[in-house]
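Topology and contacts: notes
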Amino acid sequence: MDNNFENLCLNTIRFLAVDAIDKAGSGHPGAPMGMAPMAYALWQRFLKHNPANPNWADRDRFILSAGHASMLLYALLYLNGYDLSLDELKNFRQWDSRTPGHPEHGLTPGVDATTGPLGQGFANGVGMAIAERHLAARFNRPEFPIVDHHTYVLCSDGDLMEGITSEAASLAGTLKLGKLIYLYDSNNITIEGSTKLTFNEDVAQRFRAYNWQVVGPIDGMSIDAVDQAIREAQGDTQHPSLIICNTTIGYGSPNKAGTAGAHGEPLGKTETQLSKQHLNWPYDEPFAVPDDVLRHFRASVEKGRKHENDWQNLFENYARTYPDEALQFKEVLSGSLPHGWDSELNNLFDDTVKPMATREASGVILNALAAKVPALMGGSADLAPSNKTLIKGSDGFAPPYYAGRNLHFGIREHAMGAIAHGMALHGGVIPYTATFLMFYDYMRASVRLASLTKDRVVFIFTHDSIGVGEDGPTHQPIEQLTGLRSVPGLVTIRPADATETIEAWKLAIGKNDGPTALVLTRQAGPILNRNEFAPADGVRRGAYTLWQASDKPQLILLASGSEVHIALEAARKLKESSVAARVVSMPSWELFEAQSSEYKSSVLPPDVKARISIEAGLTFGWSRYTGDAGANIGINHFGASAPSNVLYEQFGINATKVVQAARMLLNIC
């Protein structure tokens, strides 16, 4: 192709970005101006995609991990014929537009991942590659490669500085994810100035040490150099690839190119005009798109349709040869669950079973589910024996056997969360992760993004309180449960026993509009006899009346998890003193808040003002249910190293303390 025409294409991308950012009065023009050749080479010469169907199963995945360069992606989506109009580009960063400041999956057609927090997209890409390899190993047959695509990620200096990137890259190299290709925009500039201030490492050597193929450094401003590098990366199927592309941030801007000034603010009217002159852009009006350039880009529509039609023909032949596998493939891609997936769960436990930690019960339930739900796969941050998260009878996911369902994430909580999120974004699998609740803080950003994009990931957190015991305050979560509850869209469930844990898992697997956090005990507790207590399916409503001494209670005891048993013990002691208490098991605030006001009032009658919450964590937030007249028993300080039963006594989380608080509320001597 004529170099002048390709330059015209590149400048169309650049000035769509520049003009949108100028119009918005905010944004990041420098990266799109420098990245344009890399993006053009990938999208026009390699990326397998169909603009008419952004969700086609065997498309290549593309993640703009440097999400601040969002206008680069929006320009590409518009030019290539996705359902994104030029008016949407003109509405960049404005209310109710589909072109937000950072890309959002589910909002803008063609955006495969929500990015912006640097490093998250990098780790999401590893998750997508894991899902691709797993589905290929499970469903592909000789002559029928129905799962056969690459994951491409465009990342930045800032991405590579983040610790999550090191975690994810190390695991990707270990797993030999050869269909994972990253283009690294090495422009040597961050907000504060040159990367020499903070980032002087040998990136190539670092990634070779991770067991990656490293290509370059190459001239990232040359389309042909990028083309050749991608071909080289595709040729190595045993290693993920990092292509180091030396670029110039703000390329074409006479006064800002190569400086921090091009990073995070509009060029402005004068500098924009100078840049257009410098790059021989012949259009004065903003948002100009030459007709021949648009026709060139829009060829992707027909090319994409052919890609998908060819795949559809392949799949139809596959379905005739392997009908059962084809049905299973459609099922997992749709996110639906097999018929009868939960049919045997309610028979797993009864009150004759000895006391059991909810983490132990969860392990039994997980394996029962895994036998029925082949899409379920995941693992732990090196704590599987403690978290009880190994799928029995399945191998580990590792080269060359990628059909294994047990993922070993290593001690990499932050990346684990983002990788699992990437798996969910890819589709075809239902990922779960596990670690101690104390280490939720290490992966909070990843959990938050999974919730933002409403993806089904099951986050398992065990060792949920001072019940950890002798490990001491470094391992005893105090504020973490409150932190989970603070995340919009995340459903947090802390079950009281094995039967509630069954219901929690049913909700987590059945929920396909966001993630779930399962918060589980280390210490054993009794399994409630459901002939004596209310059915465990009350968990579905977040809170329910578990037991009461009278239809007209004087007092309500609210608790979650292991503290429900303390509430029951206290209620029985109060009954001996002719005090009628109601015990409410409240495993999930979010589910309870979603109920009708009538139901909430039936559980927490407004006229019963005497209420006590019991939970081995912060009391913060419980007053919304106990009110000004109530009391909250918990821990508003760090724990200590001692046996768990001693800690519960010493910190006053016991039936005696509850009874004392109840008497005070009711003015009983």
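Among the seven residues that make up strand S3 (residues 180–186), seven are buried, leaving the element largely enclosed by the rest of the structure. Taking every second residue as pointing to the same face, both faces of S3 are buried, with Leu180, Tyr182, Tyr184 and Ser186 on one and Ile181, Leu183 and Asp185 on the other. Two strands pair when backbone bridges link them, and strand S2 (residues 151–156) and S3 are joined in this way by six bridges, in the parallel orientation. Across the sheet, residue Leu154 finds its bridge partner in S3, namely Leu183. Looking at chain direction, S3 and strand S7 (residues 241–246) are connected through six bridges and run parallel. Within S7, the position partnered with Tyr184 by the bridge is Ile244.

Time to look at unusual backbone geometry. For the bond running from Gly216 to Pro217, omega is 15°, close enough to zero to count as cis. The residue Pro217 is located in strand S6 (residues 213–219) in this model. Along the chain, Pro399 connects to Pro400 via a cis peptide bond; the corresponding omega equals 0°. By the element assignment, Pro400 lies in the loop between helix H14 (384–387) and strand S9 (406–408). Look at Asp96: it is not a glycine, yet its phi comes out positive at around 65°. Assignment of secondary structure puts Asp96 in the loop between helix H4 (86–90) and helix H5 (120–139). Assessed through its relative accessible area of 68%, Asp96 is described here as exposed. The phi angle at His463 is positive, at roughly 55°, despite the residue not being glycine. Here His463 is to be found in the loop between strand S11 (458–462) and helix H17 (480–485).

Conventions and cut-offs
Residues numbered from 1 in each chain as written. Predicted model: local features only at pLDDT ≥ 70, side-chain atom pairs only at ≥ 80, totals over all residues. Heavy atoms only, no water. Buried < 20%, exposed > 50% of the residue type's maximum accessible area, 1.4 Å probe, protein only. Helix = DSSP H or I, 4+ residues; strand = E, 2+ residues; numbered from the N terminus. Pairing = 2+ DSSP bridges.

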